[in-house]
Amino acid sequence: MSGYAIAIIGIALCVGLCGIGSCVGLYKTGSAAAGVLGEDPKRYGKLVILVLLPATQGLYGFIIGIIASGGVNADMSLAAGWAMFAAVMPMAITGLISGIFQGRTAANCIYAVGRQETLSGKLVLYPAMVEFYAILGLIISIMLV
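Residues numbered from 1 in each chain as written. Predicted model: local features only at pLDDT ≥ 70, side-chain atom pairs only at ≥ 80, totals over all residues. Heavy atoms only, no water.

Trainee: So, the overall build of the protein chain: which residues are in play, and what are the values?
Mentor: Broken down by element type, the protein chain carries six helices and zero strands. Of the regular secondary structure in the protein chain, the N- to C-terminal order runs α-α-α-α-α-α. Based on the C-alpha atoms only, the size of the protein chain along its principal axes is roughly 60 × 20 × 20 Å. Residue burial in the protein chain is summarised as follows: out of 145 residues, 39% are buried. Excluding contacts between residues fewer than 6 apart, the proportion of contacts in the protein chain whose partners are at least 24 apart in sequence is 86%. Only carbon and sulfur atoms are counted for the fraction: they give 72% of the accessible area of the protein chain, which is about 7500 Å². (Helix = DSSP H or I, 4+ residues; strand = E, 2+ residues; numbered from the N terminus. Buried < 20%, exposed > 50% of the residue type's maximum accessible area, 1.4 Å probe, protein only. Contact = heavy atoms within 4.5 Å. Areas by Shrake-Rupley, 256 points an atom, 1.4 Å probe, with all protein chains shown as cover.)

Following this line, the structure appears as structure tokens:
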């Protein structure tokens with residue numbers, strides 16, 4: 001296997017795993033919001049940020065994919081291919097895991113807003129704390145690429 005192939009596999013895994021994390025997270029938040037909005041559609045504005053938070057991991061993976069693909073060429077050495085693979089893995093791993101757990105956290109916050117609307121501004125902090133780790137993965141991957 002060539003360095004080029006290894007680098008491309010790493011980039012594809014990064015984009016794919018981050019996308020999966022976002023999809024699972026958005027499934028959880030969207031399902032929770034649908035239940036709350038079914039009872040009170042006026043809460044849409046209070047829920048939309050909580051619903052969309054897990055989407056950022058997919059965007060971060062896409063950004064890393066674009067940045068990393070600029071450093072890939074057909075005559076890469078095996079060592080350079082493995083270096084690129086390793087460089088995108090922090091984002092791949094944090095994007096997958098934080099997207100799923102941010103979705104769980106935000107879904108529970110959505111349920112809480114369904115019970116008490118005034119909590120919406122305060123509750124955005126909890127899923128944002130999970131976001132912090134996706135941002136760390138993004139920064140490390142950018143620095144390594």
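Trainee: How would you sum up a nonpolar patch on the surface? Please name residues and give values.
Mentor: The grouping of Ile-135, Ile-139, Ile-140, Met-143 and Leu-144 at the surface amounts to a nonpolar patch, some 450 Å² of accessible area in total. By secondary structure assignment, the location of Ile-139 is in helix α6 (residues 125-144). Using a relative accessible area of 41% as the deciding quantity, one classes Ile-139 as partly exposed. (Patch = residues over 30% accessible without salt bridge, like charges linked within 9 Å, V, L, I, M, F, W, Y side chains within 5 Å. Salt bridge = Lys/Arg side-chain N within 4 Å of Asp/Glu carboxyl O.)

Trainee: Please set out the packing of helix α3 (residues 55-69) against helix α4 (residues 78-115) residue by residue, giving values where relevant.
Mentor: Between α3 and α4, whose axes approach to 9 Å, the crossing angle comes to 170°. On the basis of their axis angle, the class for α3 and α4 is roughly antiparallel. Facing Thr-56, Gln-57, Tyr-60, Gly-61, Ile-64 and Ala-68 of α3, the residues of α4 in contact are Met-84, Val-88, Met-91, Gly-95, Ser-98, Gly-99 and Gln-102. (Axes fitted to C-alpha atoms, helices over the stretch in contact; angles between N-to-C directions. Parallel < 35°, antiparallel > 145°, perpendicular 65-115°, else oblique.)

Trainee: Please provide a residue-by-residue account of the side chain of Thr-29, values included.
Mentor: Relative to the helices and strands, Thr-29 resides in helix α1 (residues 3-39). In this view, Thr-29 contacts Leu-50, Val-51, Pro-54, Gly-103, Ala-106, Ala-107 and Ile-110; residues no more than four positions away in its chain are not counted.

Trainee: So what about the packing of aromatic side chains? Which residues, and what values?
Mentor: Scanning the entire structure with this criterion turns up two aromatic pairs. Judged by centre distance (5.4 Å) and plane angle (70°), the rings of Trp-82 and Phe-85 are edge-to-face. With Trp-82 and Phe-85 both in helix α4 and three residues apart, the pair spans about one turn of that helix. For Trp-82, a relative accessible area of 47% puts it in the partly exposed group. Owing to a relative accessible area of 19%, Phe-85 belongs among the buried residues under this scheme. (Phe/Tyr/Trp six-rings, centres within 6.5 Å; stacked < 30°, edge-to-face > 60°.)

Trainee: Please set out the packing of α4 against α6 residue by residue, giving values where relevant.
Mentor: It is the contact of α4 with α6, at a shortest axis distance of 8 Å, that shows an interaxial angle of 170°. For the element pair α4 / α6, the angle class is roughly antiparallel. Across the interface between the two elements, Ala-86, Ala-87, Val-88, Pro-90, Met-91, Thr-94, Ser-98, Phe-101, Gln-102, Thr-105, Ala-106 and Cys-109 of α4 pack against Tyr-126, Pro-127, Ala-128, Val-130, Glu-131, Tyr-133, Ala-134, Gly-137, Leu-138, Ile-140, Ser-141 and Leu-144 of α6.

Trainee: I'd like to hear about the confidence of the model for the protein chain, residue by residue, with values.
Mentor: Taken residue by residue, the protein chain gives an average pLDDT of 95. The fraction at 70 or more is 100%. Averaged pLDDT values over the elements of the protein chain bottom out at 86 in helix α5 (residues 120-123) and peak at 97 in α3. (pLDDT = per-residue confidence, 0-100.)

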